[in-house]
Amino acid sequence: MNAHDLDARHLLCPLPVIRTQDAVKNLAPGAILRVHCTDPGAIHDIPAWCRIHGHEVLDIQQEGRDIRITLRVGSD
Amino acid sequence: MLAAKVIQEQGIHVEGINFYTGFCVEGHTHAIRRKDRARPKRNNALWVAEQLGIRLHIVDVIEEYKQVLTDPKHGYGANLNPCLDCKIFMVRKAYEWIREHGFDFIITGEVIGQRPKSQRADTLPVVAKESGAGDLLLRPLCAKNLPPTRPEREGWVDREKLYDFSGRTRKPQMALAARFGIRDYAQPAGGCCFLTDPQYSRKLADLWQARGTRAYELDDILLLKVGRHIRPAPHFKLIVGREEGENNFLEGYRKRFLHLRTRSHPGPLVLVDGTPGEADIELAARIAARYSQGRTAPEVEVEVVPREGEPRRLRVPPLPPHELPESWVI
Ligand code: SF4
């Protein structure tokens, strides 16, 4: 399955979470979403949001200020 | 948090809604200022939801909130906080949300008499009425002091198991939290957003005055959270980074402003907002020098980068502190 990309760079929390939430709304269970962001707060907030909503964080990469979080959309 | 827990205890499915206005006291201000790094950079609403094991929906209301803030029907609190209008607005949005998502009623953590204006016995009904939620709005923590709402009358919730808290004391809440085993129970007494902060409100009032309009964009209000704001004259102000974290944050905005950086000595990044003339830019350079490590040097070299065009360098004596009047600092 193709991964979807979301550009949330230069947005401050909680906007990356809001954008992630909106993107996930339009994705089917099992879909992969890669979120690209720059606010370090997102490293905590996006995984917390995923835990609450039953999505799985597959990977978190940080290179300098660039953060990439990959998640798999849960069922429901 | 407690209100949600009280309702959950009755076996009712609860989900949370958190509205983002742009003014919320959030993790990112901590992320900006380095000295706060030791504090956890968590989003409080997400954290609470996780503790409760409920879903949380964060709703972006930045655009709609402008109307609430710039023209509040019920006026402002001690600062530029339009708390009553804000609550009405949020409950109205929550009411729209529950209808769209098939939920039955709304709960809030309000307690009679807890906040001077927005949570008085006579303002709680105003929120219910003007938001349109009417008696689908339940306040579990003080419900016993209020007439029964529909969820109580219909037996969706057991009124007997709700509470009768009132007044400014938080002791009963603390005790209830302890009973639920919630250890890290912290609810800010001051309020949930920057608008209750006098210094922040001053900066916002200054921005409105300088622009001659109350219109604002998200970036404007985020920038008010960062740096020293210095206005030497009505037509321009400086935003001076106070330390590395703030300078990094301001970096992201530098292309949109004329900006200055000290070159001969380490110093802050300074953004200039407005329409400064040549003499103003020189003054700005002297102020930048004053906040650099060259503040006691006879001269500091400052790079001036216009929004368009080539950067240039100025050599200026740092502005002595007594020539920077208090009244410039917003
Ligand atoms: S303190 Fe809370 S109620 Fe008051 S204006 Fe801010 S967000 Fe609204």
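Residues numbered from 1 in each chain as written. Chains lettered and ligands numbered in written order. Predicted model: local features only at pLDDT ≥ 70, side-chain atom pairs only at ≥ 80, totals over all residues. Heavy atoms only, no water.

A. Structural view of the pairing of strand 1 (residues 3-8) of chain A. Residues and elements named next belong to chain A. In this structure, strand 1 lies alongside strand 2 (residues 32-37), joined through six bridges in parallel fashion. Across the sheet, residue A8 finds its bridge partner in strand 2, namely C37. Running through helix 1 (residues 15-25), the crossover from strand 1 to the neighbouring parallel element strand 2 is right-handed. (Pairing = 2+ DSSP bridges. Helix = DSSP H or I, 4+ residues; strand = E, 2+ residues; numbered from the N terminus. Right-handed = clockwise from strand over helix to strand, strands pointing away.)

B. Structural detail: the side chain of E246 of chain B. Mapping E246 of chain B onto the fold places it in helix 11 (residues 244-251). Here the side chain of E246 of chain B touches R242 of chain B through a polar contact of 2.8 Å, landing on its backbone nitrogen. (Polar contact = N/O pair within 3.5 Å; in protein donor to acceptor, adjacent residues only side chain to side chain.)

C. The arrangement of the environment of L27 of chain A in detail. Residue and element names in this part refer to chain A. Counting through the fold element by element, L27 comes out in the loop between helix 1 and strand 2. Look at L27 and you get buried, because its relative accessible area is 17%. It is 16 Å that separates the C-alpha atoms of L27 and I46, two residues lying 19 residues apart in sequence. Contact partners of L27, with chain neighbours within four places excluded, come to H4, L33 and V73. (Buried < 20%, exposed > 50% of the residue type's maximum accessible area, 1.4 Å probe, protein only. Contact = heavy atoms within 4.5 Å.)

D. A look at the site of the ligand. The local shell around the ligand consists of Y65, P82, C83, C86, C192, C193 and T196 of chain B. Looking at side-chain class alone, the shell around the ligand contains six nonpolar, one polar and no charged residues. (Near = heavy atom within 4 Å. Nonpolar A, V, L, I, M, F, W, Y, C, P; charged D, E, K, R; others polar.)

E. Layout of the packing of helix 1 of chain A against helix 2 (residues 42-53) of chain A. Residue and element names in this part refer to chain A. Contact pair helix 1 / helix 2: the axes reach a minimum separation of 9 Å and the direction vectors enclose 35 degrees. Every pair of crossing elements has a handedness; the one defined by helix 1 and helix 2 is right-handed. Facing helix 1, whose interface residues are P16, V17, T20, Q21 and V24, helix 2 presents A42, D45, I46 and W49. For the contact of helix 1 with helix 2, a count of residues per class yields six nonpolar, two polar and one charged. (Axes fitted to C-alpha atoms, helices over the stretch in contact; angles between N-to-C directions. Left-handed = near helix turned anticlockwise from the far one by under 90°.)

F. Broad picture of the pattern of salt bridges. Residues and elements named next belong to chain B. By the definition in use, this model includes 29 salt bridges over all chains. Two residues, R254 and E251, come together in a salt bridge whose shortest N-O distance is 3.0 Å. Residues R315 and E299 are paired through a salt bridge, measuring 3.0 Å at the closest nitrogen-oxygen approach. Separated by 16 residues along the polypeptide, R315 in strand 10 (residues 312-316) and E299 in the loop between helix 12 (278-290) and strand 9 (300-305) bring together distant segments of the chain. A single salt-bridge network, built from bridges that share partners, covers E299, E301, R313 and R315. (Salt bridge = Lys/Arg side-chain N within 4 Å of Asp/Glu carboxyl O.)

G. Seen up close, the sheet that holds strand 2 of chain A. All names here are of chain A. Pairing within the open sheet is mixed, and its four strands lie in the order 1-2-4-3. The sheet is open, and its two edges are formed by strand 1 and strand 3 (56-63), each paired on a single side. Neighbour-to-neighbour, the strand axes of this sheet turn through a mean angle of 15 degrees, independent of strand direction. Most of the contacts of helix 2 go to strand 4 (residues 66-72), to which it runs at about 10 degrees, and overall it touches strand 2, strand 3 and strand 4.

H. Broad picture of unusual backbone geometry. Residue and element names in this part refer to chain A. Here the amide bond leading from C13 into P14 is cis, since omega sits at 5 degrees, within 30 degrees of zero. Structurally, the position occupied by P14 is in the loop between strand 1 and helix 1. A positive phi angle is found at H10, which is not glycine, with a value near 65 degrees. Tracing the backbone shows H10 in the loop between strand 1 and helix 1. Judged by its relative accessible area of 68%, H10 is exposed.

I. View of helix 8 (residues 171-179) of chain B. All names here are of chain B. Where helix 8 is concerned, the buried positions are Q173, L176 and A177. Summarising the axial view, the buried residues of helix 8 lie within an arc of 100 degrees, below the 170-degree limit, and thus occupy one face. Relative to its buried face, helix 8 has exposed residues pointing more than 90 degrees away, namely K171, A178 and R179. Phi turns positive one or two residues past the end of helix 8, at G181, with a value near 75 degrees. (Arc of directions from axis to C-beta.)

Any functional reading would require information beyond the geometric quantities listed.
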